[in-house]
Amino acid sequence: MTNIGKETRISRIIKNDGHTLISALDHGGEDALVKGLEDMGKVLNSVISGGVDAILINEGILLKYHQIIVTRVPVVLNIPFDQDFVKFAVSLGADAIKTTYFGEVPLRVEIADKMRKIAKASEEYGIPYINEFIPLENGVPSNNTELVSRGARAAAEYGADIVKTSFVKNFNEVVKSSPVPVIIAGGDPSGGDIFSAMREVIRSGGAGGAIGRSIFQSSNIERTVKELVKIVHGGGP
């Protein structure tokens, strides 16, 4: 049966071309003070003016800066693995939720169960669920295409509407592994620029990206967003 709430909200984030550019601004929680995010009001205005399709933030930022955000850009709320936060996100007017997992593949059963519970609640409340699933090897994000593909498939199997994962070579294999849209977190871990990485994502059938530091630590946030929007939505080289 069609989940009208999910379809309505996800259409605000993923555009008619099947692509999205999300500005990831949720780093200030776990990482505390992050270079580039000192003036959140200025950053929010810059990414919105640049034309991002959505912003990814924590609840405190939404509560503090709602007058800048509301009616101007869809919100993806970063939440913990706590079902109560799904209802809370809906009460705040969020358009989607996102959880974060950096860890081993295959998943431990207790982590898989947490993902499933978030997915179940997202169905009940009609809000799309983005599962950020970053496989690690030796404590750092893996650049192994097969491992990242396995993680993306697991995230989809456990109820994600969108999978957010690492950009790796042969990204088309990651896309093929998932029955739901796949977006990248950040850029190219080998040191390539974010524009080249995003071109490859789109060429590979990916849905775009949720980009953090490559946007908010750039010398001109609005210009960087505009260049990425052109790539993601087909207007760029």
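Before reading on, note that the structure itself is shown above.
Residues numbered from 1 in each chain as written. Predicted model: local features only at pLDDT ≥ 70, side-chain atom pairs only at ≥ 80, totals over all residues. Heavy atoms only, no water.

## Some thoughts on the packing of aromatic side chains
Rule in force here: Any two of the Phe, Tyr and Trp rings considered here, Trp counted by its six-membered ring, make a pair once their centres fall within 6.5 Å; the pair's planes then place it as stacked at under 30 degrees, edge-to-face at over 60, or tilted in between. Numbering of helices and strands runs from the N terminus, with a helix taken as a DSSP run of H or I at least four residues long and a strand as a DSSP run of E at least two residues long. Any residue under 20% of the maximum accessible area for its type is buried, any over 50% is exposed, and the rest in between are partly exposed; the area is computed with a 1.4 Å probe on protein chains only.
With the rule as written, the count across this model stands at 3 aromatic pairs. With a centroid separation of 5.7 Å and 90° between ring planes, the pair formed by phenylalanine 85 and phenylalanine 88 is classed as edge-to-face. Of the two residues, phenylalanine 85 and phenylalanine 88 are both situated in helix 4 (residues 84-91); the distance of 3 residues between them amounts to about one turn of the helix. Taking 5.8 Å as the distance between ring centres and 35° as the angle between the ring planes, the aromatic pair formed by phenylalanine 167 and phenylalanine 171 counts as tilted. Both residues of the pair, phenylalanine 167 and phenylalanine 171, count as buried.

## Some remarks on the environment of arginine 72
Selection rule: We call two residues in contact when some of their heavy atoms are within 4.5 Å.
Here arginine 72 is to be found in the loop between helix 3 (59-69) and strand 3 (75-78). As for arginine 72 and asparagine 45, which are separated by 27 residues in sequence, their C-alpha atoms are 9.6 Å apart. The contacts of arginine 72, once residues within four sequence positions are left out, are Asn45, Ile48 and Ser49.

## Brief notes about the packing of helix 2 (residues 40-50) against helix 3
The packing of two helices is summarised by the inter-axis angle and the distance between the axes. So the rule is basically this: Whenever a helix is involved, its axis is fitted only over the stretch in contact; in every case the axis is a line through C-alpha atoms, and angles between N-to-C directions fall within 0 to 180 degrees. In these notes the angle categories are as follows: under 35 degrees is roughly parallel, over 145 is roughly antiparallel, 65 to 115 is roughly perpendicular, and the rest is oblique. If you view the pair so one helix is near and one far, a crossing is left-handed when the near helix is turned anticlockwise from the far one by less than a right angle, and right-handed when it is turned clockwise. As a working rule, the residues Ala, Val, Leu, Ile, Met, Phe, Trp, Tyr, Cys and Pro are called nonpolar, Asp, Glu, Lys and Arg charged, and the rest polar, with Gly in that last group.
Orientation of helix 2 relative to helix 3, taken along the N-to-C sense of each, is 50°, at an axis distance of 10 Å. One element, helix 2, and the other, helix 3, form an angle in the oblique class. Crossing geometry of helix 2 relative to helix 3 is assigned as right-handed. Between helix 2, through Met40, Gly41, Leu44, Asn45 and Ile48, and helix 3, the contact on the second element is made entirely by Ile61, Tyr65, Ile68 and Ile69. Classifying every residue of the contact of helix 2 with helix 3 by side-chain character gives 7 nonpolar, 2 polar and no charged.

## Let's talk about the nonpolar core
Worth spelling out the cut-off: What we call a nonpolar core is a set of buried Ala, Val, Leu, Ile, Met, Phe, Trp, Tyr and Cys residues that are connected through their side-chain atoms within 4.5 Å.
Ranked by internal contacts, the top residues of the largest apolar core, which has 64 residues, are Leu21, Leu25, Val47, Ile55, Phe171 and Met198. The residues contacting methionine 198, other than those within four sequence positions of it, are Leu21, Ile184, Gly208, Gly209, Ile211, Leu228, Ile231 and Val232. Within the second largest apolar cluster, 13 residues are counted, among which are Ala24, Ile183, Ala207 and Ala210.

## Focus: the pattern of salt bridges
Definition in use: What makes a salt bridge here is a side-chain nitrogen of Lys or Arg within 4 Å of a carboxyl oxygen of Asp or Glu, nothing more.
Scanning all chains against the criterion turns up 12 salt bridges. A salt bridge links glutamate 110 to arginine 108, with the nearest nitrogen and oxygen atoms 2.9 Å apart. Each of the salt bridges in this network shares a partner with another, and the network as a whole consists of Asp26, Lys98, Glu132 and Lys164.

## A look at helix 1 (residues 4-13)
We apply this condition: Throughout, the arc means that of the directions going from the helix axis to the C-beta atoms. Polar contacts here mean pairs of N or O atoms no more than 3.5 Å apart (in protein, one a potential hydrogen donor and the other a potential acceptor; neighbouring residues in sequence count only if both atoms are side-chain atoms).
Taken as a whole, helix 1 has its buried residues at Lys6, Arg9 and Ile13. Mapping the buried residues of helix 1 onto a view down its axis gives an arc of 75°, with all of them on the same face. For helix 1, the secondary structure elements touched by its buried residues are strand 1 (20-24), strand 2 (54-57), strand 3, helix 4, strand 4 (96-103) and helix 5 (109-125). The opening residue of helix 1, the one whose side-chain oxygen lies 3.3 Å from the backbone nitrogen of glycine 5, is asparagine 3.

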